[in-house]
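Observations on the model geometry
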Amino acid sequence: GEHKVSVLIKNGRIVTAVDDYRADIFINGSQVALIGKDLAIEADKRIDASGKLVIPGGVDPHTHLELPFGGTTTSDTFETGTRAAAYGGTTCIIDFAVQTRGTSTLKALDTWHAKAEGKTAIDYAFHMIVTDMPQERVGEMRSLADSGVTSYKLFMAYPGALLSDDGTIFRAMRKAGEDGTLVCMHAENGIVIDELVKIALAQRHVEPKYHALTRPTRLEAEGVHRALAIAEVARAPVYIVHLSCYDALHELRMAQARGVMAHAETCPQYLLLDVDRYDEPGFDGAKYVLTPPLREKWNHDELWGGLRSHALDVISTDHCPFCLKEQKELGRSDFSKIPNGGPGIESRMSLIYHYGVSTGHISLNRFVELTSTAPAKIFGLFPKKGTIAVGSDADIVIFDPAREETISAFNGRTHHMNIDYSAYEGFKVKGYTETVLSRGKVVIENGNYVGRAGDGAFVKRRAYGGQYANTHANMVRDVLAPRASLGSPGRRLP
Ligand code: URP
Ligand code: ZN
Ligand code: ZN
């Protein structure tokens, strides 16, 4: 329930997407009440943040907890996954509910509410994975939005399971454009990928590395190109999930340059891990069987460049954990049966701080923007989430820029995810989450979990085209109206 404790955070360096200053923060109940210099106020709890960064809690808009997928279920529950997120400085996730093909998306939402309610350490919201959306049922999309689920994910991959045809994608985007909601796209040509998989298996190529060799960057770039073209014609915004490579980034930039309302995220695995991982001994390459796959290393610098230039808006995790034992092992003799996905919900903030900010790829403000503010804005959580301001939820991370850790599944400090490996085993980081407040309640204190399951609550999200969106709220939505792109470049119809 609501608690009315007050907290005073003293002498921290407050960093948001745009600010960087030293001040005290007074929290009354669940929200920030006052920010000022040398606040002389009595509070129930006082936290000394001298020498520490005080940043908005991370918002991770791409997680899969308790997801049935690939013949098994992701190993983190809403309880274990959100607790691990809190340890790592993330205070809000947007997880994916999944529609069962041919049934109501509203029913799917009930199912996901039942999984999460009363279980989480931090606040959570949902996207809806749409697997079919005939015209007769397209009204459900608005009902979902009214229930706080203002974004959907559609797949161009996984034929026979999650794939939507282009007509479904267009219908969903058109409706989203009208309602001011947002379609997220898994952009990869899954039909051609399946042909490549068949060829690989026919040649008895069964090892994990063939997961990468059967999903070339061109087929991601083609999916991105197609998703952006359909969104452009549907006059709708679109959000490309887990963009992994330069070829796809190039398509994104071309569309953005012609005015398409295109957002995109990448993930730590595409910035820090490369295709050589699939050559790890034995079956260890299976740890990195996630989709899109890891790419050649030269793509990393291109993606950092995309984050700097604002072509890419967000760094999410796509946390989708499957244990090596019994889960990844389902594909020991056939890479196509390895459940796709990897862990990361706990490691994002430190990895991006260390390998992004400390190496000079991105600024400290941009770090906050990419991991918190931008996802909060794009997905309708701002200014409740995503910043530190008077009236915002007191979702606050006290981050120690001097603490050094080696990320490992085998120490008790950096691994609380329910999975038997870390994708970043042995990665050294300087900069680690020390204390975390979730809606004003301390849930991590000096690296220890002091919260309980049920501290977190469902957050209804505002529509993308709502009050705080910065684009196109009043755009003409008639998909048949003349526009430049009906003709050759730049030519308008008479
Ligand atoms: O490998 C991945 N990413 N698994 C999760 C499902 C998805 O496509 O996001
Ligand atoms: Zn995906
Ligand atoms: Zn995903």
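1. Let's talk about the coordination of the zinc ion (ligand 2)
- The protein atoms that coordinate the zinc ion (ligand 2) are Lys153 (NZ), His186 (ND1) and His242 (NE2), at distances spanning 2.1 to 2.2 Å.
- If you list the donors of the zinc ion (ligand 2) from N- to C-terminus, the spacing comes out as K-x32-H-x55-H.
- The distance between the zinc ion (ligand 2) and the zinc ion (ligand 3) comes to 3.9 Å. Of this pair, Lys153 sits in strand β11 (residues 151–155) while His242 sits in the loop between β13 (238–240) and α8 (246–257); the two residues are 89 residues apart in sequence, bridging distant segments of the chain.

2. Looking at the layout of surface pockets
- Considered as a void within the structure, the largest pocket measures approximately 400 Å³ in volume.
- Tyr158, Asp194, Arg215, Ser336 and Asn340 are the residues nearest the centre of the largest pocket, which is lined by 18 residues in total.
- The leading source of residues in the lining of the largest pocket is helix α5 (residues 190–202), at three residues.
- Looking at the lining of the largest pocket residue by residue, the class counts come to 10 nonpolar, five polar and three charged.

3. Structural notes on the coordination of the zinc ion (ligand 3)
- Coordination of the zinc ion (ligand 3) by the protein comes from His62 (NE2), His64 (NE2) and Asp318 (OD), over a distance range of 2.0 to 2.1 Å.
- Considering all four donor atoms around the zinc ion (ligand 3), the spread of angles at the metal, 85 to 130 degrees, places the coordination shape in the tetrahedral class.
- Mapped onto the polypeptide sequence, the residues donating to the zinc ion (ligand 3) form the spacing pattern H-x1-H-x253-D.
- Exposure remark for His62: the relative accessible area of 0% places this residue in the buried category.

4. Here's the deal with the nonpolar core
- Counting 119 residues, the largest nonpolar core has Tyr152, Met173, Met185 and Phe367 as the members making the most contacts within it.
- Per-element tally for this core: the top contributor is helix α7 (residues 217–234), with seven residues.
- When neighbours within four sequence positions are excluded, Met173 is seen to be in contact with Val183, Met185, Ala227, Ile230, Ala231, Ala234, Ala236 and Val238.
- One finds Ala125, Val241, Phe379 and Phe382 within the second-largest nonpolar core, a separate group that totals 17 residues.

5. Re the site of ligand 1
- Near ligand 1 you find 13 residues, and of these Lys153, His186, Thr291, Asp318 and Asn340 are the closest.
- Within the side chain of His64, a nitrogen or oxygen atom sits 3.3 Å from an oxygen atom of ligand 1.
- Isolated, ligand 1 exposes 270 Å² of accessible area, and the fraction of that covered by the protein chains is 99%.
- More than half of the atoms belonging to ligand 1 lie within 2 Å of the grid points that define the largest cavity.

6. A word on the packing of aromatic side chains
- Inspection of every chain in the model, using the stated rule, returns 16 aromatic pairs.
- Seen in terms of ring centroids, Phe367 and Phe399 are 6.5 Å apart; in terms of plane orientation they differ by 50 degrees. Their pairing is tilted. With Phe367 in helix α12 (residues 364–378) and Phe399 in strand β16 (residues 396–406), this pair connects stretches of sequence that are 32 residues apart.
- Under the relative-accessibility criterion, Phe367 is labelled buried at 0%.

7. Focus: the confidence of the model for the chain
- Predicted confidence across the chain gives a mean pLDDT of 94, with 94% of residues reaching 70 or more.
- Every residue in residues 484–494 scores below 50 in pLDDT, and together they form seven contacts with partners more than four places removed in sequence or on other chains.

8. What to know about empty space enclosed by the protein
- Summed over the entire model, instances satisfying the criterion amount to four cavities of 30 Å³ or more.
- When grouped by side-chain class, the residues that make up the lining of the largest cavity number eight nonpolar, seven polar and two charged.

9. Let's talk about α5
- For α5, which comprises 13 residues, the first-to-last C-alpha distance of 18 Å matches the rise-based estimate of 18 Å (1.5 Å per residue) to within 8%.
- Residues of α5 that are buried: Gly190, Ile193, Val197 and Ala200. Buried residues in α5, looked at end-on, bunch into an arc of 70 degrees, giving them a common side. The exposed set on the far side of α5, more than 90 degrees from its buried face, consists of Lys198 and Ala202.

10. What to know about the packing of α8 against helix α10 (residues 299–308)
- Two elements in contact, α8 and α10, have axes separated by 9 Å at closest approach and are oriented at 25 degrees. Taken together, the axis directions place α8 and α10 in an arrangement best described as roughly parallel. In this structure, α8 meets α10 at a crossing whose hand is left-handed. Contact with α8, carried on its side by Tyr246, Leu249 and Arg253, involves Asn299, Glu302, Gly305 and Gly306 of α10 and no other residues of that element.

11. Quick look at the side chain of Thr16
- The topology assignment puts Thr16 in the loop between β1 (6–15) and β2 (20–28).
- Not counting residues up to four positions away in its chain, the partners in contact with Thr16 are Pro56, Asn365, Val368, Thr387 and Ile388.

Calculation rules
Residues numbered from 1 in each chain as written. Chains lettered and ligands numbered in written order. Predicted model: local features only at pLDDT ≥ 70, side-chain atom pairs only at ≥ 80, totals over all residues. Heavy atoms only, no water. Donors = N, O, S within 2.8 Å, 3.2 Å for Na, K, Ca; no water. Helix = DSSP H or I, 4+ residues; strand = E, 2+ residues; numbered from the N terminus. 1 Å grid on protein atoms, 1.4 Å probe; cavity = no way out; pocket = protein on both sides within 12 Å on 5 of 7 lines; lining within 4 Å. Points joined across faces, edges and corners; volume = space filled by probe spheres on them. Nonpolar A, V, L, I, M, F, W, Y, C, P; charged D, E, K, R; others polar. Tetrahedral: all angles 85-135°; square planar, octahedral: opposite > 155°, others 65-115°. Buried < 20%, exposed > 50% of the residue type's maximum accessible area, 1.4 Å probe, protein only. Core = buried A, V, L, I, M, F, W, Y, C linked by side-chain atoms within 4.5 Å. Contact = heavy atoms within 4.5 Å. Near = heavy atom within 4 Å. Polar contact = N/O pair within 3.5 Å; in protein donor to acceptor, adjacent residues only side chain to side chain. Areas by Shrake-Rupley, 256 points an atom, 1.4 Å probe, with all protein chains shown as cover. Sits in = over half its atoms within 2 Å of the grid points. Phe/Tyr/Trp six-rings, centres within 6.5 Å; stacked < 30°, edge-to-face > 60°. pLDDT = per-residue confidence, 0-100. Expected span 1.5 Å × (residues − 1). Arc of directions from axis to C-beta. Axes fitted to C-alpha atoms, helices over the stretch in contact; angles between N-to-C directions. Parallel < 35°, antiparallel > 145°, perpendicular 65-115°, else oblique. Left-handed = near helix turned anticlockwise from the far one by under 90°.

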